Amino acid sequence: MNRKTVDMQLNTPKWSAAQQRKEQLDDHISLKRQAQFGFEALSEREKAARVRRHFNSVAHKYDMMNTVLSLGIHYLWKKIAVAGLGLKPGEAVLDVCGGTGDLSVMARKAVGPSGKVVLYDINWDMIHAGRIKPTNAGSRRGILYVQGDAERISFPDGAFDVVMVGFAVRNITHMKQAFREMCRVLKPGGRFLCLEFSKPVWPWFRWLYDFYSFQIMPLLGDLVLGERKAYTCLPETIRLFLMPDELTEVLTSAGFSGVTYERMTNGIAVAHTGTKKR
């Protein structure tokens, strides 16, 4: 029995082709007035509400599930990515779609009491779940929490030294618009980080990852949270997301320069970094 036959028997979805990935971008969405959340087709207007309901349903155990599903590796990815920004005491940092605040906590520790960290997210349930966590309580008290839309960031031009977004942009309806907003609020020469999931490089590892994503993750989501659908949708959104070179092009067109990326854990996670053009 070959791998293709096994995939069919397990009903494992394939990684999307280049054209399907491009259809997740603003141009196609605005033309067709249709977007996707995972493999679910929605109207352009409906996606934001659908994403909000999704995160409302998992917010209370979001961090625990991330740790269980990634075997704790997500903390290492975040630490490596934030360390690559070279944060300095006194800098102002914006964590877009910051959720429960892992990246914000790391940034808060790096910029010190003279710095500023703003966690910006559209979902209040996620913000609240992070604010009340007992771990790193001191750092969490030093973060400014703002509820808002990544496509219309409520800060003036050039307000931040660093802008970062982690494991979130694939859920934004108009991704290009969000990246332009992130670039807008950066100071000229400011640094940028986008941390996202991607496609593993090695075929055998990719097969194992697919099996885990579509057979094990939904089962764990159902057993722990009673949310099988939420943890089926998660791997679907990853299969539709841009490849690293494609995301590099989008970031460059949004106004970032010197964009590079680093694969982690054979490409399951990828950190893109760049600076705002002076």
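This one's a predicted model, so the numbers in the text were calculated from it and none came from an experiment.

A. Quick peek at the overall build of the protein chain. Along the protein chain, the regular secondary structure elements total 13 helices and nine strands. Relative to the compact-globule value of 19 Å for 278 residues, the protein chain shows a C-alpha radius of gyration of 18 Å, a close match. Sorting the 278 residues of the protein chain into buried and exposed places 55% on the buried side. Taking as baseline every contact in the protein chain between residues at least 6 positions apart, the subset at least 24 positions apart corresponds to 71%. Of the roughly 12,700 Å² that the protein chain leaves accessible, carbon and sulfur atoms contribute 56%. Considering the protein chain, the positive charge centre built from 39 side chains and the negative charge centre built from 27 side chains are found 3 Å apart.

B. Spotlight on the confidence of the model for the protein chain. When pLDDT is averaged along the protein chain, the result is 93, and 96% of the positions lie at 70 or above. When the criterion is pLDDT under 50, residues 1-10 qualifies, and its contacts beyond four places in sequence or with other chains add up to twelve contacts.

C. Region of the structure containing the pattern of salt bridges. In this structure the tally under the stated criterion is 14 salt bridges. For Glu-40, the salt bridge identified is with Arg-50, shortest N-O distance 3.0 Å. With Glu-40 in strand S2 (residues 40-43) and Arg-50 in helix H4 (residues 46-58), the pair connects residues that are ten residues apart, well separated along the chain. Residue Glu-40 is classed as partly exposed on the basis of its relative accessible area of 27%. Under the relative-accessibility criterion, Arg-50 is labelled buried at 10%. Asp-63 is paired through a salt bridge with Lys-133; the nearest N and O atoms lie 2.9 Å apart. Of the two residues, Asp-63 is situated in helix H5 (residues 62-70) and Lys-133 in the loop between helix H8 (124-131) and helix H9 (137-141); the sequence distance between them amounts to 70 residues. Its relative accessible area of 10% is what places Asp-63 among the buried residues. You can call Lys-133 buried: its relative accessible area is 18%. One connected set of salt bridges, linked through shared partners, spans Asp-157, Glu-181 and Arg-184.

D. Here's a closer look at the sheet that holds strand S6 (residues 160-166). Pairing within the open sheet is mixed, and its seven strands lie in the order S5-S4-S3-S6-S7-S9-S8. Only two strands of the sheet have a single neighbouring strand rather than two, namely strand S5 (144-147) and strand S8 (256-264). Strand-to-strand twist in this sheet, taken as the mean axis angle between neighbours without regard to direction, amounts to 15°. Note: strand S3 (residues 92-96) against S6, four bridges, orientation parallel. The partner of Val-93 across the bridge, within S6, is Val-162. Along the sheet, H8 contacts strand S4 (116-121) and S5; its crossing angle with S5, the most-contacted strand, is approximately 165°. Each of S3, S6, strand S7 (186-197), S8 and strand S9 (269-276) touches helix H10 (residues 175-184); the most contacted strand, S7, lies at about 140° to it.

E. H10, seen in detail. Most of H10 is tucked away, with seven of its ten residues classed as buried. Of the residues making up H10, those classed as buried are Met-175, Lys-176, Ala-178, Phe-179, Glu-181, Met-182 and Cys-183.

F. Broad picture of a nonpolar patch on the surface. The grouping of Met-64, Val-68, Leu-219, Leu-223 and Val-224 at the surface amounts to a nonpolar patch, some 410 Å² of accessible area in total. The element best represented in the nonpolar patch is helix H11 (residues 203-225), accounting for three residues. Within the secondary structure layout, Met-64 lies in helix H5.

G. Representation of the nonpolar core in the model. Among the nonpolar cores identified, the biggest contains 34 residues, and Leu-94, Phe-179, Met-182 and Phe-192 are the most heavily contacted of them. At the level of secondary structure, the elements contributing two or more residues to this core comprise S3, S4, S6, H10, S7, helix H13 (244-253) and S8. Counting residues per element, this core draws most heavily on H10, at five residues. Residue contacts for Leu-94: discarding those within four places in its chain leaves Val-118, Tyr-120, Ile-153, Phe-155, Phe-160, Val-162, Val-163, Met-164 and Val-185. Counting residues in each nonpolar core, the second largest holds 30 residues, with Met-106, Leu-119, Ile-143 and Phe-197 among its members.

The rules we used
- Numbering of residues begins from 1 in every chain and follows the order in which that chain's sequence is written.
- With the structure being a predicted model, the display of local features is reserved for residues of pLDDT at least 70 and the display and counting of side-chain atom pairs for 80 or more, all residues being used for whole-chain, interface and lining totals.
- Excluded from the side-chain calculation are hydrogens and water; included are all heavy atoms of the structure.
- What counts as a helix is a DSSP run of H or I of at least four residues, what counts as a strand is a run of E of at least two, and both are numbered from the N terminus.
- A radius of gyration in this sense is built from C-alpha atoms; the matching globule rule multiplies 2.2 Å by the number of residues raised to 0.38.
- To sort residues, take the accessible area from a 1.4 Å probe on protein chains only and compare it with the maximum for the residue type: under 20% means buried, over 50% means exposed, and anything in between is partly exposed.
- Residue contacts are counted whenever heavy atoms from the two residues lie within 4.5 Å of one another.
- Surface accessibility in these figures is a Shrake-Rupley result with a 1.4 Å probe; residues are shielded only by whichever protein chains are displayed.
- Positive charges come from Lys and Arg alone, negative charges from Asp and Glu alone, with His and the N- and C-terminal ends not counted.
- Taken as the charge location is NZ of Lys, CZ of Arg, CG of Asp or CD of Glu.
- pLDDT measures how confident the predictor is about each residue, on a scale from 0 to 100.
- Take a side-chain nitrogen of Lys or Arg and a carboxyl oxygen of Asp or Glu: if they are within 4 Å of each other, that pair is a salt bridge.
- Should DSSP find at least two bridges between two strands, the strands are taken to pair.
- Here an axis means a line fitted to C-alpha atoms, over the contact stretch when the element is a helix, while the angle between two N-to-C directions is reported on a 0 to 180 degree scale.
- For patch building, the residue pool is restricted to those with more than 30% relative accessible area and no salt bridge; the joining distance is 9 Å between like charges and 5 Å between nonpolar side chains (Val, Leu, Ile, Met, Phe, Trp, Tyr).
- Among the buried residues, those of types Ala, Val, Leu, Ile, Met, Phe, Trp, Tyr and Cys that are joined through side-chain atoms within 4.5 Å form a nonpolar core.

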